[in-house]
Amino acid sequence: MSARWLEPVATAGRAGLFTLQMLAAIRPSMKQAGETLRQAYLVGARSLIIIMICGFFVGMVLALQAINALAQFGAADQVSLLVGKSLFRELGPVLTALLFAGRAGTAIAAEIGLMKATGQIDAMELMAIDPVERVALPRFLAGLISVPLLTAMFSAMAILGAVVFAIGVMGLDAGVFWSKLQTGVRFGEDFMGGIWKSVAFGGLVSGTAAWYGFSARPTGAGVATATTNTVVISSVLVLVIDFIMTSFFT
Amino acid sequence: MRANYKVELAAGVFLLLGLGALLWLATQATDYGREVGREAYTVSARFTNVGDLRERAPVKIAGVPVGLVDEIEVDPVTFEAVVRLRIDQRFNDVPNDTSASILTSGVLGDRYVGLEPGGSPDALVDGDELLLTQSAVVLEQLISKFLFNAGGDKEEP
Amino acid sequence: MPLNDTPAIRLEDVVFRHGDRLILDGVSMTIPRGAIAAVMGPSGVGKTTILRLVSGQLRPESGRVLVNGEDVSAMNRKALYRMRENLGFLLQNGALFTDLTVFENVATPLREHRDLDEPAIADIVEARLDAVGLAGTGDLMPHELSGGMARRVALARAVVLDPAIVLFDEPMAGLDPIAVSTINALIRRTNDDLGLTSVVVTHDVVQMKKLADYCYILAEGRIAGEGPPAELAASDDPAVDQFMNGRMDGPIPFRYAGAAGS
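Because the structure is predicted, anything quoted here is derived from the model rather than measured. (Residues numbered from 1 in each chain as written. Chains lettered and ligands numbered in written order. Predicted model: local features only at pLDDT ≥ 70, side-chain atom pairs only at ≥ 80, totals over all residues. Heavy atoms only, no water.)

Novice: I tried to follow the sheet that holds strand β4 (residues 81–88) of chain B on my own but got confused; where do I start?
Specialist: In a beta sheet, neighbouring strands are held together by backbone hydrogen bonds and run either parallel or antiparallel to one another. Residue and element names in this part refer to chain B. Read from one edge of the open sheet, eight strands run β7-β1-β4-β3-β2-β6-β5-β8, paired in mixed fashion. With partners counted over all chains shown, the strands left at the sheet margins are β7 (129–130) and β8 (132–134), one partner each. Summarising the sheet, strand β1 (residues 40–47) and β4 pair through eight bridges and their orientation is antiparallel. Each bridged residue has a counterpart across the sheet, and for Thr 42 the counterpart in β4 is Arg 86. (Pairing = 2+ DSSP bridges. Helix = DSSP H or I, 4+ residues; strand = E, 2+ residues; numbered from the N terminus.)

Next comes the structure, spelled out in structure tokens:
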């Protein structure tokens, strides 16, 4: 009765219901807020260092490539505009989300999967504690909060990287660099557009991770599959949603 | 409880760091606070040709940006281009006989609208129309005019 | 043994299927209040399934599961959660929360379902830990405990809300003989001190003879035999005899049921 080709549809349905279940469990309680903040720190701190390092080098390489390309048209002083726009609109949110998936997403999936394998999720259910509310929701919300912050730190480090390369190494004028950013990069479209994207990506990655953790088979191999799936599926989803958001909102 | 406090403290540091980065980027690396925001008034100007002037192009007085192009439409009756300009409220004392021209920054740069203030004692207010305008110089027209004139000059003597 | 009018747990002709495989094929049992009942049978026969039907995590295909006279399979989520507050469940291997201390593990159900201040919680938790012989271990993390100690902490956690019924899933599995005796004695003492009804799932015949008031033997999805342990040991039913005395030959097949006849 359950056809094989219908299985992906059913899986999508289960993931959707799981999301609704999480959203329905949101309450304005101090306990939930506290646990969300704790998780925001855990997933945020896990990714902070790697994201800052990557951000710095992405900024440097962007500046390098941009200066090389722009110098041909005698427009090397436009470098900050190009770096700023491409960072805020695309590279910042997308690369941060991908790094977050690899660092924090896998940790979330493995943690929940292991809790399932050792019966802790079961134990919660049997204590009349909703594990979706207690385990999945705080991690989901933490992703929603911390990914925009991580994106901001990524972009800040990338701007610094571009400053170091363009001004420090290539000797471009610092005043021109900043004034191009401050007149050319639009706060509404470029900056906030990227922030909204990163909120969406944060929820997407942490939600995917929680879902794979919860649907993991309760074995070692099951947990391993869950972490792999988290990285693969959330990375693909981030890029797909990025395309959809970019084409609809610009 | 001690360990818990440590985590809370670290969570606070992380959040502050993130918010700090957000704020720094917004104020230092975007046009936040510098864009022509809500504090602006709109005037319109008619041109026979706007060239490749685009929406959001800058409006300048004496070469300094004071606003931006909000909207470009074609009047369905006169077939002129109607360009609406948003000008920052700080520049609320621009004379109402100011003229507008569509200019190019550099030889092949972007188009912008340049305002040349007149001498009228009355200031422009929201909804006014600039009556003195000068359309964009289109390179092809310029070249063909030049070639035509040059050819004519040769035949005459 | 005090017998109330409504039995604590009652299964009426329960049928349960996992995929295409028939696990329970018309199982009925009645567990009176205050008793320690054992559900025994070879591995994979659906003993744990019975506990999960009672806790409402699984629902039967047909038949009824009654806890204190209320049909579990007809309960919505809210009613189910309310019922579970009155139901302790000791999972296989204890399933302690690995990121919480022993104290917090035992305190979790209290924090969740009782409106108590911190000193009151501390009093109850210490008393429960003391009752399982683990006073003063509150600050330890679960990975610092031996298997037997972890099982005892899990027992303290399972009864901290003073439930009327406690379900034990293989409480003795994987423990050394001394720990097994300790757990056994604790189950008996907790049951009698707190006036519980206990259901113990196990395949350990020797321990069950010592502990249980009443036994059900499950084989091939049906109740093969029931009665007090002493009676069962003397039973001449071939399936019961095979299991109680650990014989290889008998009506309980050696092979996986799904492969039979192929």
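Novice: Even after reading the chapter, I still don't get helix α5 (residues 131–169) of chain A, so can you show me in this structure?
Specialist: For the α-helix, the turn length of 3.6 residues means that residues three or four positions removed from each other point alike. All names here are of chain A. Between the first and last C-alpha of α5 there are 53 Å, a value that for 39 residues agrees with the 57 Å anticipated at 1.5 Å per step. Its maximal kink placed at Leu 137, α5 deviates by approximately 35°, while the proline Pro 138 follows within four residues. Extensive coverage of α5 is indicated by the burial of 31 of its 39 residues. For α5, the N-terminal capping position is held by Asp 130, with its side-chain oxygen 3.1 Å away from the main-chain nitrogen of Val 132. Directly after α5, the chain includes Gly 171, whose backbone phi takes a positive value near 75°. (Expected span 1.5 Å × (residues − 1). Bend = angle between axes of the 7 residues up to and from the residue. Buried < 20%, exposed > 50% of the residue type's maximum accessible area, 1.4 Å probe, protein only. Polar contact = N/O pair within 3.5 Å; in protein donor to acceptor, adjacent residues only side chain to side chain.)

Novice: I keep staring at the sheet that holds strand β5 (residues 70–71) of chain C and nothing clicks. Help me out?
Specialist: Residue and element names in this part refer to chain C. The strand order across the open sheet formed by four strands is β2-β1-β4-β5, and the pairing between neighbours is antiparallel. Only two strands of the sheet have a single partner each, and these edge strands are β2 (21–31) and β5. Relative to β5, strand β4 (residues 62–67) is paired through two bridges, and the arrangement is antiparallel. By the bridge assignment for β5, Val 67 is matched with Glu 70.

Novice: What is the right way to read the domain arrangement of chain B from this model?
Specialist: Accessible area lost when the parts come together is the quantity often used to give the size of an interface. Looking at the assigned domains, one finds that chain B contains domain 1 (1–30) and domain 2 (35–137). Each of domain 1 of chain B and domain 2 of chain B was reduced to a C-alpha centroid, and the two centroids are 44 Å apart. (Domains from an automatic or database assignment.)

Novice: Help me understand the arrangement of the chains, please; the structure alone is not making it clear to me.
Specialist: Most contacts, when the two pairs of chains in contact are compared, are made between chains A and B. Regarding chain B and chain C, the two do not touch, and the least distance separating their C-alpha atoms is 11 Å. (Contact = heavy atoms within 4.5 Å.)

Novice: Explanation requested: the interface of chain A and chain B in the structure shown.
Specialist: Listed by partner, the interface residues are 28 residues for chain A and 21 residues for chain B. Together, the buried faces of chain A and chain B total about 2200 Å²; carbon and sulfur atoms form 78% of this surface. Along the contact surface separating chain A from chain B lie zero salt bridges. Inspection of the region where chain A meets chain B yields one residue pair in polar contact (both at pLDDT 80 or more). With eleven residues, the top contributor of residues to the side of chain A that touches chain B is α5(A). Here the residues of the side of chain A that touches chain B are counted per class, giving 20 nonpolar, five polar and three charged. (Buried area = accessible area lost by both parts, 1.4 Å probe. Salt bridge = Lys/Arg side-chain N within 4 Å of Asp/Glu carboxyl O. Nonpolar A, V, L, I, M, F, W, Y, C, P; charged D, E, K, R; others polar.)

Novice: What exactly am I supposed to notice about the pattern of salt bridges here?
Specialist: Where charged atoms from two side chains of opposite charge approach closely, those side chains can pair. Taken as a whole and judged by the stated rule, the model has 29 salt bridges over all chains. In this structure, Glu112(C) engages Lys31(A) in a salt bridge whose closest nitrogen and oxygen atoms are separated by 3.8 Å. Here Glu112(C), found in helix α3 (residues 102–113), pairs with Lys31(A), found in helix α2 (residues 30–71), and the two come from separate chains. On the basis of relative accessible area, Glu112(C) is assigned to the partly exposed category, the value being 25%. Residue Arg111(B) is joined to Asp52(B) by a salt bridge in which the shortest nitrogen-to-oxygen separation is 2.8 Å. Placement of Arg111(B) in strand β6 (residues 111–116) and of Asp52(B) in the loop between β1 and β2 (58–61) is noted, with a sequence separation of 59 residues between them. Residue Arg111(B) is classed as buried on the basis of its relative accessible area of 13%. Judged by its relative accessible area of 52%, Asp52(B) falls in the exposed class. Overlapping salt bridges bring together Lys31(A), Glu133(A), Arg134(A) and Glu112(C) as one network.

Novice: In this structure, what is going on with the packing of helix α3 (residues 79–117) of chain A against helix α6 (residues 174–184) of chain A? I would like to understand it.
Specialist: Packed helix pairs are specified by the crossing angle of their axes together with the interaxial distance, meaning the distance between the axes. Residues and elements named next belong to chain A. Two elements in contact, α3 and α6, have axes separated by 8 Å at closest approach and are oriented at 45°. Taken together, the axes of α3 and α6 are oblique relative to one another. The two elements α3 and α6 cross, and the hand of that crossing is right-handed. Residues Val 79, Ser 80, Leu 81, Gly 84 and Lys 85 of α3 form the contact with α6, whose participating residues are Val 176, Phe 177, Lys 180, Leu 181 and Gly 184. In terms of residue class, the contact of α3 with α6 is made up of five nonpolar, three polar and two charged. (Axes fitted to C-alpha atoms, helices over the stretch in contact; angles between N-to-C directions. Parallel < 35°, antiparallel > 145°, perpendicular 65-115°, else oblique. Left-handed = near helix turned anticlockwise from the far one by under 90°.)

Novice: Just checking my understanding: could you explain the layout of surface pockets for this structure?
Specialist: To find the voids left in a structure, one rolls a probe of water-molecule size over its atoms. In this structure, the largest pocket spans a volume of roughly 1800 Å³. Lining the largest pocket we find 45 residues, and of these Lys31(A), Glu35(A), Arg134(A), Leu100(C) and Glu104(C) sit closest to its centre. Sorting the residues of the lining of the largest pocket by element identifies α2 and α5 of chain A, α1 (2–28) of chain B together with α2 (77–84), α3 and α4 (118–131) of chain C as the ones contributing at least two each. Take the lining of the largest pocket: its biggest share by element is seven residues, from α1(B). Residues of the lining of the largest pocket, tallied by class, amount to 17 nonpolar, ten polar and 18 charged. (1 Å grid on protein atoms, 1.4 Å probe; cavity = no way out; pocket = protein on both sides within 12 Å on 5 of 7 lines; lining within 4 Å. Points joined across faces, edges and corners; volume = space filled by probe spheres on them.)

Novice: Just checking my understanding: could you explain the nonpolar core for this structure?
Specialist: Considering soluble globular proteins, one finds that nonpolar side chains tend to be buried as a cluster. In this structure, Val79(A), Ile9(C), Leu11(C), Leu24(C) and Leu167(C) are the most contacted members of the largest nonpolar core, which totals 109 residues. Counting residues per element, this core draws most heavily on α5(A), at 20 residues. Judged by nonpolar contacts, the second largest core, of 45 residues, contains Ile121(C), Phe168(C), Met172(C) and Phe243(C). (Core = buried A, V, L, I, M, F, W, Y, C linked by side-chain atoms within 4.5 Å.)

Novice: Where do I start with the interface of chain A and chain C in this structure?
Specialist: Each side of the interface is counted separately: chain A has 17 residues, and chain C has 21 residues. Across the chain A to chain C interface the summed buried area is about 1600 Å²; carbon plus sulfur atoms make up 53%. For the pair chain A and chain C, the number of links is five salt bridges. As a salt-bridge pair, Arg52(C) and Asp122(A) come within 2.8 Å of each other at their nearest N and O atoms. Put simply, chain A and chain C have eight residue pairs in polar contact (both at pLDDT 80 or more) between them. Among the secondary structure elements, those contributing two or more residues to the side of chain A that touches chain C are α2, α4 (120–126) and α5 of chain A. The leading source of residues in the side of chain A that touches chain C is α4(A), at six residues. Partitioned by chemical class, the residues of the side of chain A that touches chain C number seven nonpolar, four polar and six charged.

Novice: What am I meant to see in the pairing of β4(C) here?
Specialist: Side chains on a regular strand alternate between the two faces of the sheet. Residues and elements named next belong to chain C. Bridging between strand β1 (residues 9–18) and β4 involves five bridges; their strand directions are antiparallel. From the neighbouring strand, Val 15 faces β4, where its bridge partner is Ser 62. In textbook terms, the turn of a hairpin is the stretch between consecutive antiparallel strands, and for β4 and β5 this stretch comprises two residues, one of which, Asn 68, has a positive phi near 50°.

Novice: Would you take a moment to explain the side chain of Asp169(C) for this structure?
Specialist: All names here are of chain C. Following the sequence through the fold, Asp 169 ends up in strand β7 (residues 165–169). Despite being buried, Asp 169 has no salt bridge partner; Arg 52 is the closest side chain of opposite charge, sitting 4.8 Å away. Here Gln 92 takes part through its side chain, which lies 3.4 Å from a polar atom of the side chain of Asp 169. (Lys, Arg positive; Asp, Glu negative; His and termini not counted.)

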